[in-house]
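Inside the fold
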Amino acid sequence: MSLPNLLIHPGHPDFLDLPWDESVSDWEHDRIVEMPAGVHRHPVVFVAYDEGVYVVKELPHHFAQNEYSVLTELENRTYRSAPPVGLVHRGWVDDSEEHSAAVITQYVTHTFPYRRLIAGIGFGKRRARLLDSVAGLLVELHLAGCYWGDCSLSNLLYRYDGGAIEAVMIDAETSYLRETLSDGQRLEDLEVMKMNLAGEMADIAAEKGVGIDQADLRLGEDVEATYLALWEELNADLIITRDEGFRIRERIARLNDLGFSVDDVELDPTDEGNLVQMRVHVGNRKFNSDRLRQLTGLAAKENQARLLLGDLSYFLAKNGYASDAHRAVGVFAWLSGVYEPIVSQIRTVWPGDDPVQGYCDFLHHRMRLATERGFDVENDEALSSWMESGFPGFD
Ligand SMILES: Nc1ncnc2c1ncn2[C@@H]1O[C@H](COP(=O)(O)OP(=O)(O)O)[C@@H](O)[C@H]1O
Ligand SMILES: [Mg+2]
């Protein structure tokens, strides 16, 4: 049996038990599992190990190398792309052949391809949230200097993140990274996205036997409009007077609310020192999840973290732990007395597979009850009510 060159990130299986001498489309192997997938060009298989499920995609060596190196570098810049695991090179096959190489990525858990959703039940009332998350992902990739070059419904995965939806990028075959992208590069990436989305919506309409007039062809334009508004919010220069320092804090708070951390604020005097031009340098959309981790050690997605931090702040304020001196004790009291006991109950009864999302759904239900009644509802009562009502989520 011929063995390819394998470059594997540490902490994963060695994948040596897979039948590499055959093309993956011919594989018949115990490790192969069925997972939901979008429409794709290259042969793709999903393989299960104790460490998790992995995706093996076969493609010509040059493209595989590009995808692997972009995903590897991107992992240092953002956390919203498929985690790369390995690069496989079959040295005995001509490099231009489809099966000359393969990229292994970690299957992104709790996700589902956009393409499957739209071709199935459709967006329904989640349309705006689903599109916002695509625009947010593109902004984040562009801020990280990544030109995607193939944003499409099949290359976008989504997962629930608190009350929002988080989009994840896979398929970096045509992508490249720069220190910063030019406006032209960003706009070109948006053009590709619009063209892909319109084409896919037309395909889906045809598959469903629906006339082209009824196809939701404006999807791409709507994503673009949200993208442009968000980009402006993040990048606009603001002119303030010297005594309006509070507007700097306001702007940082607004960006933090959107989840972006602010790396630096640049202030340049203009108009002979009477006015100040303010420019912010934003980082990843991880402000809340970083803060939650610092305070509590808990790992959560960005919007989940925002909701958990809200619950924690409320607990601290209500129980007299809000001052700096008492906060550490209060955080411990929340973790051991509130969060952990509720999450362990959720784990045993909740049908979903991400207990942090279960906790967020419970928080949402508690808030709904309190709004209906006009006063606070205790956790025990809210939890029983959430369970008895069949674990309602955000819709
Ligand atoms: N890391 C991943 N996690 C979850 N699903 C994935 C992952 N990588 C690929 N997939 C699924 O497999 C499909 C094909 O992968 P992709 O990289 O887009 O191949 P192609 O380049 O042939 O389009 C995707 O539409 C997606 O549904
Ligand atoms: Mg693809």
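Residues numbered from 1 in each chain as written. Chains lettered and ligands numbered in written order. Predicted model: local features only at pLDDT ≥ 70, side-chain atom pairs only at ≥ 80, totals over all residues.

**Quick notes on the overall build of the protein**
Put simply, the rule is: Counting from the N terminus, the helices are the DSSP runs of H or I reaching at least four residues and the strands are the DSSP runs of E reaching at least two. With C-beta atoms placed from the backbone, a residue is labelled by how many other C-beta atoms lie within 10 Å of its own: buried for 20 or more, exposed for 12 or fewer, partly exposed between the two. Contact between two residues is assigned when their C-beta atoms, built from the backbone, lie within 7 Å.
If you tally the helices and strands in the protein, you get 11 helices and 14 strands. Its C-alpha atoms give the protein principal-axis dimensions of roughly 70 × 65 × 50 Å. Within the protein, buried positions represent 33% of all 395 residues. Across the protein, contacts joining residues at least 24 apart in sequence account for 60% of those joining residues at least 6 apart.

**Remarks on the nonpolar core**
One recurring pattern in soluble globular proteins is that nonpolar side chains are buried together. Counted only if it meets this: A set of buried residues drawn from Ala, Val, Leu, Ile, Met, Phe, Trp, Tyr and Cys, joined through C-beta atoms within 7 Å, is what defines a nonpolar core. These domain limits were set by an automatic method or by a database of domain assignments.
Grouped together as the largest cluster of nonpolar side chains are 63 residues, with contacts concentrated most on V56, A102, I104, V134, L138 and L156. Summarising the domain contributions, this core has at least three residues from each of domain 1 (5–106) and domain 2 (112–233). Apart from the residues within four sequence positions on either side, L156 is in contact with P113, Y114, V134, C151 and A167. Within the second largest apolar cluster, 16 residues are counted, among which are L292, W334, L363 and W386.

**Considerations on the sheet that holds strand β5 (residues 84–89)**
Note the following rule: Strand pairing requires that DSSP identify at least two bridges connecting the strands.
Pairing is antiparallel across the open sheet formed by 6 strands, whose spatial order is β1-β5-β6-β4-β3-β2. Single-partner strands in this sheet number two, and they are β1 (5–8) and β2 (32–33). One ladder, built from 6 bridges, connects strand β4 (residues 52–59) with strand β6 (residues 101–106); its direction is antiparallel. Among the inter-strand pairings, V56 is bridged to a residue of β6, identified as I104.

**Here we look at the sheet that holds strand β7 (residues 112–113)**
As a reminder of what qualifies: Orientation is described by axes fitted as lines to C-alpha atoms, over the contacting stretch for helices, and by angles from 0 to 180 degrees between their N-to-C directions.
With antiparallel pairing, the 3 strands of this open sheet are ordered in space as β7-β9-β10. The strands lining the two open edges of the sheet, one partner per strand, are β7 and β10 (164–169). Running over the sheet, helix α3 (residues 127–143) touches β9 (156–161) and β10 and is turned about 45 degrees from β10.

**Here we look at unusual backbone geometry**
Located in the positive-phi region is F15, a residue other than glycine, with phi close to 60 degrees. You can see F15 is positioned in the loop between β1 and β2. A positive phi angle is found at H110, which is not glycine, with a value near 60 degrees. Following the sequence through the fold, H110 ends up in the loop between β6 and β7. Owing to 16 C-beta atoms within 10 Å, H110 belongs among the partly exposed residues under this scheme.

**So, the packing of helix α9 (residues 324–349) against helix α10 (residues 355–373)**
Angle between the axes and distance between the axes: these two values describe a pair of packed helices. The condition is simple: Note that the term roughly parallel is reserved for angles under 35 degrees, roughly antiparallel for angles over 145, roughly perpendicular for angles of 65 to 115, and oblique for everything else. Residues are sorted three ways: Asp, Glu, Lys and Arg are charged, Ala, Val, Leu, Ile, Met, Phe, Trp, Tyr, Cys and Pro are nonpolar, and all the rest, Gly among them, are polar.
Between α9 and α10, whose axes approach to 9 Å, the crossing angle comes to 110 degrees. With respect to their mutual orientation, α9 and α10 come out roughly perpendicular. From α9, I342, V343, I346 and R347 reach across to α10, where they touch P355, G358, Y359 and F362. Looking at side-chain class alone, the contact of α9 with α10 contains 6 nonpolar, 1 polar and 1 charged residues.

**Overview of the site of ligand 1**
Threshold: Note on definitions: a residue is near a molecule or strand provided its C-beta atom, placed from the backbone, lies within 6 Å of it.
What surrounds ligand 1 is a group of 21 residues, the closest being G38, H40, H42, A82 and D171. Sorting the residues of the shell around ligand 1 by element identifies β4 and β6 as the ones contributing at least two each. Residue composition of the shell around ligand 1, grouped by class: 9 nonpolar, 8 polar and 4 charged.

**Some thoughts on the domain arrangement of the protein**
Each assigned domain of the protein is listed here: domain 1 (5–106), domain 2 (112–233), domain 3 (236–282) and domain 4 (289–388). A C-alpha centroid distance of 33 Å is found between domain 3 and domain 4.

**Brief notes about the pairing of strand β14 (residues 275–282)**
When strand β12 (residues 238–241) meets β14, the two strands line up antiparallel, connected through 4 bridges. Looking at β14, one finds that T241 is bridged to L275. Judged from the 8 bridges that link them, strand β13 (residues 262–270) and β14 form a sheet pairing that is antiparallel. For V265, the partnering residue across the bridge sits in β14 and is V280.

**Here we look at helix α7 (residues 287–296)**
Since the α-helix packs 3.6 residues into each turn, any two residues three or four apart lie on the same face. Listed as buried for α7 are F287, N288, S289 and L292. Where α7 is buried, its residues meet α6 (246–257) and α8 (302–318). Trailing α7 by a residue or two, G297 shows a phi angle of about 80 degrees, which is positive.

**So, the environment of E75**
By the secondary structure assignment, E75 is in helix α1 (residues 61–77). Between the C-alpha atom of E75 and that of K318, which follows or precedes it by 243 residues, the distance is 39 Å. Those residues in contact with E75 that lie beyond four places of it in its chain are P83 and P84.

**Details of the environment of V338**
Its location among the elements puts V338 in helix α9. It is 45 Å that separates the C-alpha atoms of V338 and D17, two residues lying 321 residues apart in sequence. Residue contacts for V338: discarding those within four places in its chain leaves F315 and N379.

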